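Residues per chain, in single letters:
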Amino acid sequence: MASGMLTGAQRALIRESWRRLSGSPVQHGLVLFSRLFDLDPDLLPLFQYNCKQFASPQECLSAPEFLDHVRKVMLVIDAAVSHLENLPCLEEYLCNLGKKHQAIGVKVESFSTVGESLLYMLEKCLGAAFSPDVREAWTKLYGAVVKAMRRGWEPLVEGD
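Residues numbered from 1 in each chain as written. Predicted model: local features only at pLDDT ≥ 70, side-chain atom pairs only at ≥ 80, totals over all residues. Heavy atoms only, no water.

- The protein chain goes by Neuroglobin in an unreviewed UniProt entry, where it is assigned to Cairina moschata.
- The record held by UniProt for the protein chain lists under Catalytic activity (unreviewed entry) the comment "Fe(III)-heme b-[protein] + nitric oxide + H2O = Fe(II)-heme b-[protein] + nitrite + 2 H(+)".
- Its UniProt record, at the heading Sequence similarities (unreviewed entry), says of the protein chain: "Belongs to the globin family." (UniProt positions renumbered as here; feature names shortened; annotations may be inferred.)

Rendered as structure tokens:
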């Protein structure tokens, strides 16, 4: 998870765009998850609390337990933005987060839909400030985060 893959200009674009959104993390996170459920309604059953299945995305999006999950997701994004100069320090944390997601049945393929939803949220919430350069920078950062999380799906190899 090399921090060198992002240029200084890309890191600055990510920081600036995230600064604009950081005041309302839950509001922006709900945009992300609303889009995620629009793109892949089959992900809804993965979100159940106290064995309760949600009947609709709207019911899920308003549940206090789900709002806690939204806060946590936004904190992970915040951690990645805060550690742009040293992304490798998040490697183990993200790998373990990947293992947790695998344990509840998340498929690696779903991360591309989450990435689309993240870019959608950034575009909707940043408006004209969401330039092609901002999109490219966030795409690179998200790719690095997913690469680290995907390690949580890999079987342990002797000597690891």
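## Section: the UniProt feature "domain: Globin" (unreviewed entry) in the protein chain
In step 1: When the UniProt feature table is mapped to this numbering, "domain: Globin" (unreviewed entry) covers residues 5–154.
In step 2: Along residues 5–154, the helical share is 69% and the strand share 0%, with 23 Å between the first and last C-alpha atoms. (Helix = DSSP H or I, 4+ residues; strand = E, 2+ residues; numbered from the N terminus.)

## Things to note about helix α5 (residues 91–103)
In step 1: When the terminal C-alpha atoms of α5 are compared, their 18 Å separation across 13 residues agrees well with the 18 Å that a helix rising 1.5 Å per residue should span.
In step 2: Among the residues making up α5, those that are buried are E91, L94, C95, L97 and G98. The buried residues of α5 occupy one face: seen down the axis, they fall within an arc of 160°. Those residues of α5 that are exposed and angled more than 90 degrees off the buried face are E92, K100 and A103.
In step 3: Check the buried side of α5 and you find it contacts α4 (64–82) and α7 (132–150).
In step 4: Downstream of α5 by one or two residues, G105 has phi in the positive range, about 100°. (Expected span 1.5 Å × (residues − 1). Buried < 20%, exposed > 50% of the residue type's maximum accessible area, 1.4 Å probe, protein only. Arc of directions from axis to C-beta. Contact = heavy atoms within 4.5 Å.)

## Here we look at the packing of helix α1 (residues 8–21) against α7
In step 1: Contact geometry for α1 and α7: axes closest at 9 Å, N-to-C directions at 95°. Taken as axis vectors, α1 and α7 run roughly perpendicular relative to one another. Between α1, through Q10, L13, I14, S17 and W18, and α7, the contact on the second element is made entirely by D133, V134, E136, A137, W138, K140 and L141.
In step 2: Taken together, the residues of the contact of α1 with α7 sort by class into seven nonpolar, two polar and three charged. (Axes fitted to C-alpha atoms, helices over the stretch in contact; angles between N-to-C directions. Parallel < 35°, antiparallel > 145°, perpendicular 65-115°, else oblique. Nonpolar A, V, L, I, M, F, W, Y, C, P; charged D, E, K, R; others polar.)

## Things to note about the packing of aromatic side chains
In step 1: In this structure the tally under the stated criterion is nine aromatic pairs.
In step 2: Their ring planes at 45° and their centres at 6.5 Å tell us that F33 and F37 sit as a pair that is tilted. Within this pair, F33 and its partner F37 are both found in helix α2 (residues 25–39), separated by four residues, close to a single helical turn. Here the two residues F33 and F37 agree in accessibility, since each one is buried.
In step 3: Taken together, the ring pairs in this structure connect F33, F37, F47 and F66 into an aromatic cluster. (Phe/Tyr/Trp six-rings, centres within 6.5 Å; stacked < 30°, edge-to-face > 60°.)

## Focus: the environment of P88
In step 1: Within the fold, P88 resides in the loop between α4 and α5.
In step 2: The exposure class assigned to P88 is partly exposed, which follows from its relative accessible area of 39%.
In step 3: Remark: the alpha-carbon pair of P88 and A144, spanning 56 residues in sequence, is separated by 9.6 Å.

## Quick notes on the pattern of salt bridges
In step 1: Considering all chains together, one arrives at eight salt bridges under this definition.
In step 2: We note a salt bridge from R15 to E85, for which the minimum N-O separation is 2.9 Å. Of this pair, R15 sits in helix α1 while E85 sits in the loop between α4 and α5, and the two are 70 residues apart along the sequence.
In step 3: Residue R15 is classed as partly exposed on the basis of its relative accessible area of 34%.
In step 4: Each of R11, R15 and E85 takes part in salt bridges that share partners, so that together they form one network. (Salt bridge = Lys/Arg side-chain N within 4 Å of Asp/Glu carboxyl O.)

## Some points on the packing of α2 against helix α6 (residues 110–126)
Each packed pair of helices is defined by two parameters, the angle between the axes and the distance between the axes.
In step 1: Interhelical geometry of α2 versus α6 gives an angle of 135° and a closest axis separation of 8 Å. In terms of their interaxial angle, α2 and α6 are classed as oblique. Pair α2 / α6 crosses with right-handed handedness. Note on element contacts: α6 touches α2 through T113, V114, E116, S117, L118, Y120, M121, K124 and C125, opposite H28, V31, L32, R35, L36 and L39.
In step 2: In terms of residue class, the contact of α2 with α6 is made up of nine nonpolar, three polar and three charged. (Left-handed = near helix turned anticlockwise from the far one by under 90°.)

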